[in-house]
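# Structural overview
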Amino acid sequence: MMEKQSQSVGIVVSVCVAFCLSGCMAPPKNAETEAANSAIDYKARVSALYEKGSWSEARNDLREWVALNPEAALDWARTIKDRANRITVTGQIAGLWAETAPEKAAKFAVGIKDYDFRAMAIDQVARSWAKGDLDAAIAWNTGIKKPTDKAWAIFGVVFELAKIDPVRASQLAETIEVTGEETERIKKSALKSIETNRLK
């Protein structure tokens, strides 16, 4: 049975792009920093910042929280009432998790049942993983079975790769197998992201 077509692909793509621009790799932590972080009420801090709309500032605290306890951060994300925001934050957490534990984050992402949540999470994991280990990120997407999931994984890698090697990014984008309208849209978005990065 074909997978239900998503009506929020455009939202997923645009939000993915917005979040990628504010992200960066987490700095290494020492024992003193770990001890200090353990006493921080990240749930209260992150919740307050998101409620105020301070997304960039919240991301810094969220990164620290995810590095310490990704499951707790995900539990909090599930309490967000607005579906679009819940999708966004879940994907953001998956991407941050991939900075320190990409294999675990990848397993979580592909295991999500809801398509829109899964698409966002896979894309964000792929981007984070590509920043840290491009070859490993590419190897991961080759092992994904579902065409749409595979397409999103390639999309995430292409977005990052386009910043340093647009030719190779184009070649990778062309490997997206078009099996229907959804994968066709993802492929077009991947190719468009390459042109966007070229203009920067």
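Residues numbered from 1 in each chain as written. Predicted model: local features only at pLDDT ≥ 70, side-chain atom pairs only at ≥ 80, totals over all residues. Heavy atoms only, no water.

## Points about the overall build of the protein chain
Within the protein chain one finds 12 helices and zero strands. Considering only contacts within the protein chain whose residues lie at least 6 apart along the sequence, 62% involve residues at least 24 apart. Surface exposure of the protein chain reaches about 10200 Å², of which carbon and sulfur atoms provide 55%. (Helix = DSSP H or I, 4+ residues; strand = E, 2+ residues; numbered from the N terminus. Contact = heavy atoms within 4.5 Å. Areas by Shrake-Rupley, 256 points an atom, 1.4 Å probe, with all protein chains shown as cover.)

## A closer look at the packing of helix 4 (residues 55-68) against helix 5 (residues 70-77)
The relative placement of two packed helices comes down to the angle between their axes together with the axis-to-axis distance. Put simply, helix 4 and helix 5 touch, their axes get as near as 5 Å, and they point 125° apart. One finds that helix 4 runs oblique with respect to helix 5. Contacts between helix 4 and helix 5 involve Leu62, Trp65, Val66 and Leu68 on the former and, on the latter, Pro70, Ala72, Ala73 and Trp76. Looking at side-chain class alone, the contact of helix 4 with helix 5 contains eight nonpolar, no polar and no charged residues. (Axes fitted to C-alpha atoms, helices over the stretch in contact; angles between N-to-C directions. Parallel < 35°, antiparallel > 145°, perpendicular 65-115°, else oblique. Nonpolar A, V, L, I, M, F, W, Y, C, P; charged D, E, K, R; others polar.)

## Notes on helix 9 (residues 134-142)
Residues of helix 9 that are buried: Leu134, Ala137, Ile138, Trp140 and Asn141. Buried residues of helix 9 fall within an arc of 155° about the axis and therefore sit on the same side. Opposite the buried face of helix 9, by more than 90 degrees, sit the exposed residues Asp135 and Thr142. Residues of helix 9 that are buried make contact with helix 7 (102-110), helix 8 (115-132), helix 10 (147-161) and helix 11 (166-173). (Buried < 20%, exposed > 50% of the residue type's maximum accessible area, 1.4 Å probe, protein only. Arc of directions from axis to C-beta.)

## What to know about the packing of aromatic side chains
Two measures describe an aromatic ring pair: the distance that separates the ring centres and the angle between the ring planes. Tallying each qualifying case throughout the model produces five aromatic pairs. Ring geometry for tryptophan 97 and phenylalanine 108: centres 5.9 Å apart, planes at 45°, overall tilted. Placement of the pair is tryptophan 97 in helix 6 (residues 83-100) and phenylalanine 108 in helix 7, with a sequence separation of 11 residues. A single burial state applies to tryptophan 97 and to phenylalanine 108, both of which are buried. (Phe/Tyr/Trp six-rings, centres within 6.5 Å; stacked < 30°, edge-to-face > 60°.)

## As for the side chain of lysine 187
Tracing the backbone shows lysine 187 in helix 12 (residues 181-198). In terms of polar contacts, lysine 187 uses its side chain to reach the side chain of glutamate 174, at 3.4 Å. Apart from residues no more than four positions distant in its own chain, lysine 187 is found in contact with Ala173, Glu174, Ile176 and Val178. (Polar contact = N/O pair within 3.5 Å; in protein donor to acceptor, adjacent residues only side chain to side chain.)

## Points about helix 7
Residues of helix 7 that are buried: Pro102, Ala105, Ala106, Phe108 and Ala109. One side of helix 7 carries all its buried residues, which in axial view fall inside an arc of 160°. Of the residues in helix 7, the exposed ones pointing more than 90 degrees away from the buried face are Glu103, Lys104 and Lys107.

## Looking at the nonpolar core
Among the nonpolar cores identified, the biggest contains 57 residues, and Leu62, Trp76, Ile93, Val125, Trp140, Val157 and Val158 are the most heavily contacted of them. The dominant element in this core, judged by the number of residues it contributes, is helix 8, at 10 residues. In this structure, leucine 62 is in contact with Val46, Tyr50, Ala73, Trp76, Gln92, Ile93 and Leu96, ignoring residues within four places of it in sequence. (Core = buried A, V, L, I, M, F, W, Y, C linked by side-chain atoms within 4.5 Å.)

## Points about the pattern of salt bridges
In this structure the tally under the stated criterion is 13 salt bridges. Across the pair aspartate 116 and arginine 83 runs a salt bridge whose closest N-O atoms are separated by 3.2 Å. On the criterion of sequence distance, the pair formed by aspartate 116 in helix 8 and arginine 83 in helix 6 is long-range, its members being 33 residues apart. Given the relative accessible area of 10%, aspartate 116 is considered buried. Since its relative accessible area comes to 35%, arginine 83 is described here as partly exposed. If you follow the salt bridges from partner to partner, you end up with Arg83, Asp114 and Asp116 in one network. (Salt bridge = Lys/Arg side-chain N within 4 Å of Asp/Glu carboxyl O.)

## Examining the environment of valine 66
By the secondary structure assignment, valine 66 is in helix 4. In the structure, valine 66 is positioned 34 residues away from threonine 100 in sequence and 9.2 Å away in space, judged by C-alpha atoms. Not counting chain neighbours up to four residues away, the residues in contact with valine 66 comprise Ala73, Ile93, Leu96 and Trp97.

## Points about the confidence of the model for the protein chain
The share of residues in the protein chain with pLDDT of 70 or more is 79%, and the mean pLDDT across the chain is 85. By mean pLDDT, helix 1 (residues 9-22) is the weakest element of the protein chain at 46, and helix 8 is the strongest at 98. Note that residues 1-27 has pLDDT below 50 and, in this model, 52 contacts with residues that lie over four places away or in other chains. (pLDDT = per-residue confidence, 0-100.)

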